[in-house]
Amino acid sequence: MPLIRSKFKKEKDMVYISHLDLLRLLERALRRAGIKPVFTQGFNQHPKISFAQALSLGTASQGEYVDIEIEEGMDAEEFKSRLNEVLPEGIEFVISKIMEGKVNALMGEVTHARYIMCMELLEHMDEAGVKSELDGYMKLENIFIEKRTKKGDIKQLDVKEMIRDIGILMVEEGKVYLSAVLTCGSVSNLKPELLLQTIRDNTGLKFDVEDSTIQRIDIYTLRDGKLVAPL
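Since the model is a prediction, treat every value here as computed from it, not as a measurement.

Cut-offs applied
- Residues numbered from 1 in each chain as written.
- Predicted model: local features only at pLDDT ≥ 70, side-chain atom pairs only at ≥ 80, totals over all residues.
- Heavy atoms only, no water.
- Helix = DSSP H or I, 4+ residues; strand = E, 2+ residues; numbered from the N terminus.
- Buried < 20%, exposed > 50% of the residue type's maximum accessible area, 1.4 Å probe, protein only.
- Core = buried A, V, L, I, M, F, W, Y, C linked by side-chain atoms within 4.5 Å.
- Contact = heavy atoms within 4.5 Å.
- Expected span 1.5 Å × (residues − 1).
- Arc of directions from axis to C-beta.

## Quick word on unusual backbone geometry
Although it is not a glycine, Lys12 adopts a positive phi angle of roughly 50°. Among the structural elements, Lys12 can be located in the loop between β1 (3–10) and α1 (19–33). By relative accessible area, which is 53% here, Lys12 ends up exposed. Of note in this structure, Asp224 is not a glycine but carries a positive phi near 50°. Topologically, Asp224 is positioned in the loop between β10 (213–223) and β11 (226–228). By relative accessible area, Asp224 is classed as exposed at 81%.

The following block contains the structure:
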């Protein structure tokens, strides 16, 4: 059975649908497009659809990935076009590719993700000042957060090694735009909201994390020391 891996966007009002609702939306889109997915076996059968990494509610993305196994062979471009014709505004498939041979689980391949974040400063600071604060932040030997375990215990987690790259894109009209590459996936995962929290707590930058905007740009796999797209 053909396995098609696709990259898609999640924007506009669609940022407010949950991961489970996104799965249901794709199931309905497949039916409306006349594309028959392969179903799992067992009592509770469901289409074989698997995402790379769940996205936080309210976060837009230019680079989400999904694997869909279908019953009949189909050109990848036709697959993409037929789905885009029935998908709602805000969800758009941009690349689809038929995967050949043995394919690793998409979720297991993901190691990093790039985000763009916008923080609205509560106190004025020019770009040189912002850069100085972030340089100091990245020179910290450890950056700790408190995280609740599955057993309900609170433990301290050092997120310094979970930050691969961070940089200022622009400082304009009291807003700071950052680009950051963070670990993402089943082995190590740093949510961008937590990164902003550590910046707020460890620098002189004054802003509300809750009022900041976050956009996921792409998801990557680490191969031979380089970040590459899983498609």
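## Describing the nonpolar core
Core analysis: the biggest nonpolar cluster contains 32 residues, and Ile163, Leu195, Ile199 and Leu205 have the highest contact counts within it. Excluding residues that lie within four positions of it along the chain, Ile199 makes contacts with Leu134, Tyr137, Ile166, Leu178, Leu205 and Phe207. Counting residues in hydrophobic clusters, the runner-up holds 23 residues, among them Phe8, Met14, Ile17 and Ile70.

## Some thoughts on α1
Over its 15 residues, α1 runs 21 Å from end to end, which matches the ideal 21 Å to within 8%, given 1.5 Å per residue. Taken together, the buried positions of α1 are occupied by Leu22, Leu25, Leu26, Ala29, Leu30 and Ala33. For α1, the angular spread of buried residues about the axis comes to 140°, placing them on one side. Elements in contact with the buried residues of α1: β1, β2 (49–51), β3 (60–69), α2 (76–86) and β4 (91–99). At the C-terminal side of α1, Gly34 shows a positive phi close to 75°.

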